[in-house]
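Chains, contacts and geometry: an overview
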Amino acid sequence: METVLQDLRYAIRASLNRPAFVVIVVLALAIGIGANTAIFSVVNAILLRPLPYKNPDRIVMIWMSNGKLGVAEDWHSYPNYVDYRDQNSTFEEVAAFNYRGFNLTGTGDPVLLSGAWSTANLFAVLGVDPQLGRTYTVEEEEPGRDLVAVISHGLWQRRFGGDPNIVGQPIQLNGVNRTVIGVMPAGFAFPQKETDVWVPLAARPQLKQARGAFWLKAVGRMKPGVTIEQARADMGVIANQLLERFPQIMESYGSNLVPLHEQVTGKVRPALLVLLAAVAFVLLIACANVANLLLARAAAREREIAIRTALGASRRRIVRQLLTESLLLAIVGGGLGLLLALWGLSALVALSPANIPRLDQIHIDGRVLAFTFAVSLVTGLIFGLVPALQASKPDLNEALKEGGRGTSEGRRGKRVRSLLVVSEIALALVLLIGAGLLIKSFIHLQKFDFGFNPNSLLTLRVQLGGPKYRQDPAVVNFFQQAVERMQNVPGMQSVGGISSVFLDDTPNSTNFVIEGRPVPVGAESIEVPLDAVTPDYFKTMGIPLLKGRLFDDRDSTDSLPVVIVNETFVKRFFEGEDPLGKRFCYGTPNGDPKEWKTIVGVVGDMRRTGFDKDVRPETFMPENQYPEIAMTVVARTAGDPTSYAPALRDAIWAVDKDQPVFDIKTMDSRLVEMTAQRRFNMLLIGIFAAVALVLASLGIYGVISYSVTQRMHELGVRIALGASRRDVMRLVVGQAARLSLLGVGVGMVAAFFLTRLMASLLYGTSATDLATFLLIPSLLTGVSLAASFVPARRAMKIDPMVALRYE
């Protein structure tokens, strides 16, 4: 222990004697360790920390798989859910649920709550008890006995002021009084982080018998000791039995089980792992830089170490002393890096897309502190070991002679330093190519044509609730009046509405039959979205009419049903034919004349489900003939769209003040949200790549600069013997060029394989994009050569007499 303390005291004194050296080393390490700590904090919170449920590793999402549509996560019908629940042998409990929005009224302005219908055992599956009161029972799943609700801790606080007597009080949801029977603890937010209310799943008798109505999700808790593979096999048997019993309905369906943790984090896992690898590269580059500095310092101390060796110090003793100095620097750098991580983490969370799961749980905890400490120790060993081993085995005679002339590290040191620089350049190139691919991908996204004009568009959502909107005429009348009032707002150019959630998967779709053609069966059938739209929807969106007409006053509830289809629909089903006047029906024909819809118009394709999905054949019906209680309103304005939000909200409330208006955003902001995750990835990788570029440039500058200092005598002799300044420049820059090209060559090979791992993060760009693989290496080589220019100019100005006298 005394020897260790002696080494530590000497390390502190040695560091204090070289403050500039210490500052440079500590800052380089702080940047690398801080970046790793910040990203690991995110990975820890999202990927490593277990979900806040009892034994979360036993909770599994249970899906239907749909081979016909290529969908791995399809929903259940109520009868199928019951079969999976009752016939399995591997689950303790299986619960069903569905999303549902609730209009909360009677306590201030109306507001839409994100909620869920669920079976009573949902809370048992998750293993979470309420903070106050109780959850609902199986008996309360029966219609008429289901007028109860469990609310979230967040809703309890912000809407009811944390009233301890909230249990037993009535609240009005969708115009119906329900009794609050429980409050869930803070942090509980299943199935979505915005969920504020849960009510019993009181399905109507028709739905309980409808095996072909797929509208439920399912989650289960596996029995202790059961593996996910056993559960999959168990549910697979049930899926096969259902196929045998109901071949027409279940022909393309199977089962698919996904661990809940994977379900929550699966979409962001690839991006986080790529970011973690990127910051690891930054740390390795920082370590290479510090190792180069330590090698230079060891070369300067070669005479000191040779004397200590000559006086009897063992190699082990010298290595331990040098490693103690390295570890001291690493610990200090780690401490400063932790402070940088605390600051950077706040910025990271602020910049993160809102749809990243568990974002509110990101913080520095014990595991992160342990990670930082471990990284600091490992880093100290990595960048300290090679210089320590190099310096601890000097050639005594050569070292003492070299020490008399100044400093010289010999060929071994030069090779090690050159190898470190080559490694830096290779690692930096991989990061730069990755950043280049993401930037090019993002540029493609910015040029993406969604098929409509997003400029000056404001969007908002309205969802009608309450007994008065259970009849279609009331729904039609509400939206007719609301659209008319919004259209009369000064500065409003046009207003339209569509029943689906815009820029998301269309939730309502069905199969169909074209008149005069055989009824498709099995794999031949296809589902198409069906959306209700108001007459001016296409005009407001700027979607071109290609053929026929748009909806108008002729399309009333009493007229024959009509439909508008998109261009992809025509290409898929009416190639080479005129689609106008052709008819089809949704589902299977049952003899009702009004089930056949006549195509009256064809509109251009619109990529409203996102840039990374193919355009689907789409169908649109007039809102008057197909009333929907939920609508996305789009309004094209003459000025800034956001300034019209209050007037539009007031226009809707003038029709019914109890209907909430929510999700008010400009179309531009919605498009930005769609690319937020990719923008975030590009930004962070770009920052890390820029840091890597700077560190690699400093590395090659340091090697060339040190080489010039070491070769001052040689260069002075060359100049004295007639070498021109240009020859000296060529000699120095040539050394940098060799190192750069070697590093670029190694980095190109590594990038060719490693960038394939980030293919899922790219859009419209290959992971081996030729232009990127040519441009980025050229850029890095140019920067490296530029970094060598300053020491090369210093070499050109060497005075032979001064150099020879110095030597």
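Residues numbered from 1 in each chain as written. Predicted model: local features only at pLDDT ≥ 70, side-chain atom pairs only at ≥ 80, totals over all residues. Heavy atoms only, no water.

1. Comments concerning the overall build of the protein chain
Within the protein chain one finds 25 helices and 22 strands. Restricting the contact set of the protein chain to residue pairs at least 6 apart, pairs at least 24 apart contribute 82%. As presented, the protein chain carries roughly 36,000 Å² of accessible surface, and 58% of it is formed by carbon and sulfur atoms. (Helix = DSSP H or I, 4+ residues; strand = E, 2+ residues; numbered from the N terminus. Contact = heavy atoms within 4.5 Å. Areas by Shrake-Rupley, 256 points an atom, 1.4 Å probe, with all protein chains shown as cover.)

2. Looking at helix α24 (residues 770-796)
Taking 1.5 Å per residue, 27 residues should reach 39 Å; α24 reaches 38 Å between its end C-alpha atoms and fits that length. Of all the bends in α24, the greatest reaches close to 35° and is centred on phenylalanine 789; the proline proline 791 follows between one and four positions later. (Expected span 1.5 Å × (residues − 1). Bend = angle between axes of the 7 residues up to and from the residue.)

3. Topic: the nonpolar core
Tyr537, Met541 and Phe688 are the most contacted members of the largest nonpolar core, which totals 96 residues. Discounting residues that sit within four places of it in the chain, phenylalanine 688 has contacts with Ala35, Ile39, Leu275, Ala278, Val279, Val282 and Leu431. Within the second largest apolar cluster, 27 residues are counted, among which are Ala203, Ala218, Ile228 and Ala231. (Core = buried A, V, L, I, M, F, W, Y, C linked by side-chain atoms within 4.5 Å. Buried < 20%, exposed > 50% of the residue type's maximum accessible area, 1.4 Å probe, protein only.)

4. What to know about a nonpolar patch on the surface
On the surface, a cluster of nonpolar side chains totalling about 240 Å² of accessible area is made up of Leu284, Val378 and Ile382. Following the sequence through the fold, isoleucine 382 ends up in helix α13 (residues 366-391). Relative accessible area serves as the criterion here: at 43%, isoleucine 382 is assigned to the partly exposed category. (Patch = residues over 30% accessible without salt bridge, like charges linked within 9 Å, V, L, I, M, F, W, Y side chains within 5 Å. Salt bridge = Lys/Arg side-chain N within 4 Å of Asp/Glu carboxyl O.)

5. Quick look at unusual backbone geometry
Cis geometry is found at the peptide bond from phenylalanine 190 to proline 191, where omega equals 5°. Tracing the backbone shows proline 191 in the loop between β8 (176-183) and β9 (195-200). Located in the positive-phi region is serine 456, a residue other than glycine, with phi close to 60°. Relative to the helices and strands, serine 456 is located in the loop between α15 (410-446) and β12 (457-463). With relative accessibility at 29%, the residue serine 456 sits in the partly exposed group. One non-glycine residue with positive phi stands out, namely aspartate 663, at about 55°. Locating aspartate 663 in the fold gives a position in strand β22 (residues 661-666).

6. A short note on the confidence of the model for the protein chain
Low-pLDDT portions of the prediction should not be read for the details of their coordinates. Mean pLDDT over the protein chain: 85, with 88% of residues reaching 70 or higher. Below pLDDT 50 for its whole length, residues 402-408 participates in 14 contacts with residues either more than four positions away or in separate chains. (pLDDT = per-residue confidence, 0-100.)

7. Section: the packing of helix α3 (residues 78-87) against helix α7 (residues 228-245)
Running from amino to carboxyl end, α3 crosses α7 at an angle of 135°, the nearest separation of the two axes being 10 Å. Taken together, α3 and α7 sit at an angle that is classed as oblique. Like other packed secondary-structure pairs, α3 and α7 cross with a definite hand, here right-handed. For the pair α3 and α7, contact is made by Asn80, Asp83, Tyr84 and Gln87 and by Met235, Ile238, Ala239, Gln241, Leu242 and Arg245, respectively. Partitioning the contact of α3 with α7 into residue classes produces 5 nonpolar, 3 polar and 2 charged. (Axes fitted to C-alpha atoms, helices over the stretch in contact; angles between N-to-C directions. Parallel < 35°, antiparallel > 145°, perpendicular 65-115°, else oblique. Left-handed = near helix turned anticlockwise from the far one by under 90°. Nonpolar A, V, L, I, M, F, W, Y, C, P; charged D, E, K, R; others polar.)

8. Re the pairing of strand β3 (residues 91-105)
In terms of burial, β3 is a largely internal element, 11 of the 15 residues being buried. By the bridge criterion, 6 bridges tie β3 to strand β10 (residues 217-222) in an arrangement that is antiparallel. Residue valine 94 lies in a different strand from β10, and its bridge partner there is glycine 220. Relative to strand β4 (residues 111-118), β3 runs antiparallel, the two sharing 8 bridges. Considered in β4, the bridge of tyrosine 99 is made with alanine 116. Here β3 folds back onto β4, and the loop between the two strands holds 5 residues, one of which, glycine 106, carries a positive phi near 90°. (Pairing = 2+ DSSP bridges.)

9. Remarks on the pairing of strand β1 (residues 59-66)
For β1, the tally of buried residues reaches 8 of 8 residues, placing the bulk of the element in the interior. With burial as the criterion, each face of β1 is covered, one bearing Ile59, Met61, Trp63 and Ser65 and the other bearing Val60, Ile62, Met64 and Asn66. With 4 bridges joining them, β1 and β10 adopt antiparallel strand pairing. Counterpart to isoleucine 59 in the pairing with β10 is arginine 221. In terms of strand pairing, β1 meets strand β11 (residues 253-259) through 7 bridges, oriented antiparallel. Along β11, the bridge assignment pairs asparagine 66 with tyrosine 253. In this structure, β1 lies alongside strand β2 (residues 71-74), joined through 2 bridges in antiparallel fashion. The residue of β2 that forms the bridge with methionine 64 is aspartate 74.

10. A closer look at the side chain of threonine 755
With respect to the element layout, threonine 755 can be found in the loop between α23 (725-754) and α24. A distance of 2.6 Å separates a polar side-chain atom of threonine 755 from the backbone oxygen of alanine 751. For threonine 755, the residues in contact, after removing those within four places along its chain, are Ile433, Leu437, Ala767 and Phe773. (Polar contact = N/O pair within 3.5 Å; in protein donor to acceptor, adjacent residues only side chain to side chain.)

11. Observations concerning the environment of arginine 211
Turning to its location among the elements, arginine 211 is positioned in the loop between α6 (205-209) and β10. Its relative accessible area of 12% is what places arginine 211 among the buried residues. The contacts of arginine 211, once residues within four sequence positions are left out, are Ser77, Pro79, Asn80, Asp83, Leu242, Arg245, Phe246 and Ile249. A polar contact is formed between the side chain of arginine 211 and the side chain of aspartate 83, at a distance of 3.0 Å.

12. Here we look at the packing of aromatic side chains
Following the criterion strictly, the structure yields 25 aromatic pairs and no others. With 6.4 Å between their ring centres and 70° between their planes, phenylalanine 123 and tryptophan 198 make a pair best called edge-to-face. Of this pair, phenylalanine 123 sits in helix α4 (residues 122-126) while tryptophan 198 sits in strand β9; the two residues are 75 residues apart in sequence, bridging distant segments of the chain. The interplanar angle of 90° and the centroid separation of 5.4 Å between the aromatic rings of phenylalanine 752 and phenylalanine 753 together place this pair among those described as edge-to-face. (Phe/Tyr/Trp six-rings, centres within 6.5 Å; stacked < 30°, edge-to-face > 60°.)

13. Some remarks on the pattern of salt bridges
Inspection of every chain in the model, using the stated rule, returns 23 salt bridges. Two residues, lysine 208 and glutamate 142, come together in a salt bridge whose shortest N-O distance is 3.9 Å. Highlighted residues: lysine 208 in helix α6 and glutamate 142 in the loop between β5 (132-133) and β6 (148-151), separated in sequence by 66 residues. The shortest N-O distance in the salt bridge between arginine 583 and glutamate 515 comes to 2.8 Å. Of this pair, arginine 583 sits in strand β18 (residues 583-586) while glutamate 515 sits in the loop between β14 (509-514) and β15 (527-533); the two residues are 68 residues apart in sequence, bridging distant segments of the chain. Here arginine 583 falls in the partly exposed class, since its relative accessible area comes to 28%. One salt-bridge network, held together by shared partners, links Arg549, Asp552, Arg554 and Asp555.

14. Some remarks on the environment of glutamine 735
Turning to its location among the elements, glutamine 735 is positioned in helix α23. Accessibility expressed as a relative area gives 15% for glutamine 735, which makes it buried. When the C-alpha positions of glutamine 735 and leucine 785 are compared, they lie 9.5 Å apart, and in sequence the two are 50 residues distant.

15. Here we look at the packing of helix α16 (residues 472-487) against helix α19 (residues 645-655)
Between α16 and α19, the least distance of the axes is 9 Å, while the angle of their chain directions is 145°. Here the hand of the crossing between α16 and α19 comes out right-handed. Here Phe478, Gln481, Ala482, Arg485 and Met486 of α16 come into contact with α19, specifically with Leu648, Ala651, Ile652, Ala654 and Val655. For the contact of α16 with α19, the class distribution of residues is 8 nonpolar, 1 polar and 1 charged.

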